[in-house]
Amino acid sequence: MNGMTAEFLRSAFGGESQAHMRYLVWGDHAEKKGFKNIGRLYKAVAFAEQAHASGHFKELSKVAGGFSVTSGAEFGIGTVVENLQGAINGELHEVEQMYPVYLEAAKFQKEKGAEKTFHYALEAEKIHAELFKQAQDAARQEKDFVIDKEIYVCPVCGYTGMGEEPEFCPVCGVKKALFKRF
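Right, let's walk through the structure included here. Quick caveat: nothing in here was measured; it's all calculated off a predicted structure. (Residues numbered from 1 in each chain as written. Predicted model: local features only at pLDDT ≥ 70, side-chain atom pairs only at ≥ 80, totals over all residues. Heavy atoms only, no water.)

### Things to note about the packing of helix 1 (residues 3–32) against helix 4 (residues 112–140)
Okay, step 1: Remark: helix 1 packs on helix 4, axes separated minimally by 12 Å, with the N-to-C direction vectors making an angle of 30°. Helix-helix and strand crossings are classified by hand; for helix 1 and helix 4 the assignment is left-handed. Residues T5, F8, L9, A12, E16 and Y23 of helix 1 lie in contact with helix 4, whose contacting residues are A114, T117, F118, A121, E125 and F132.
Okay, step 2: Here the contact of helix 1 with helix 4 is built from residues that sort into eight nonpolar, two polar and two charged. (Axes fitted to C-alpha atoms, helices over the stretch in contact; angles between N-to-C directions. Helix = DSSP H or I, 4+ residues; strand = E, 2+ residues; numbered from the N terminus. Left-handed = near helix turned anticlockwise from the far one by under 90°. Contact = heavy atoms within 4.5 Å. Nonpolar A, V, L, I, M, F, W, Y, C, P; charged D, E, K, R; others polar.)

### As for the packing of aromatic side chains
Okay, step 1: A full pass over the atoms with the stated rule returns 13 aromatic pairs.
Okay, step 2: Ring geometry for Y23 versus Y42: centroids 5.7 Å apart, planes at 40°, classification tilted. Of the two residues, Y23 sits in helix 1 while Y42 sits in helix 2 (residues 36–60), which places them 19 residues apart along the sequence. As far as the burial class goes, Y23 and Y42 line up, both buried.
Okay, step 3: Between Y23 and F132, the aromatic rings sit 5.2 Å apart at their centres with planes inclined by 65°, giving edge-to-face as the arrangement. Here Y23, found in helix 1, pairs with F132, found in helix 4; they are 109 residues apart in sequence, far enough to count as distant. Of the two residues, Y23 and F132, both sit in the buried class.
Okay, step 4: Members of the aromatic cluster, joined through ring pairs, are F8, Y99, Y102 and F118.
Okay, step 5: Sitting over the face of the ring of W26, R22 holds its NZ or CZ atom 5.7 Å from the ring centroid.
Okay, step 6: Over the ring of F47 we find K180; its NZ or CZ atom is 5.7 Å from the centre of that ring. (Phe/Tyr/Trp six-rings, centres within 6.5 Å; stacked < 30°, edge-to-face > 60°. Buried < 20%, exposed > 50% of the residue type's maximum accessible area, 1.4 Å probe, protein only. Lys NZ or Arg CZ within 6 Å of the ring centre and 35° of its normal.)

Okay, here's the thing in structure tokens:
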């Protein structure tokens with residue numbers, strides 16, 4: 001595997017792993033503050049981030065050894081609105097800066113597995129940013145996020161949705177029977 005692609009996979013793994021844990025913490029915090037559905041959203045997106053980290057990690061199985069991993073992350077617990085802003089900032093960083101660069105590098109270096117896992121994450125992060133924005137709009141009005149049906153997440157690519165489930169994941173094609181529901 002090309003060294004640059006491996007470094008990008010390690011960075012993405014680190015970032016997704018941190019997001020997974022940060023969203024679990026922020027979700028618990030939201031629930032304690034009376035925002036049950038925002039807590040559910042965080043837990044669903046945390047699962048999606050775990051799916052991304054797992055995909056990156058599997059690609060890294062081709063590269064043995066220990067490495068230092070540098071990745072950016074939001075830290076601390078603020079208000080529900082502040083935490084949602086941190087989540088939005090992180091997702092937008094991935095959508096607008098990180099994954100487009102990583103994806104183009106993987107394409108250029110003909111690293112098909114890395115290309116696939118970066119594409120999956122990029123597509124899901126777009127949705128996460130929008131869902132967090134909607135949740136933040138509600139929290140700013142001191143209301144919980146309205147979720148009419150379950151949130152569902154594809155365990156392969158992290159695609160996240162609410163409402164009517166498609167028969168197959170629109171990003172990776174997995175059957176809806178495999179979706180995890182929150």
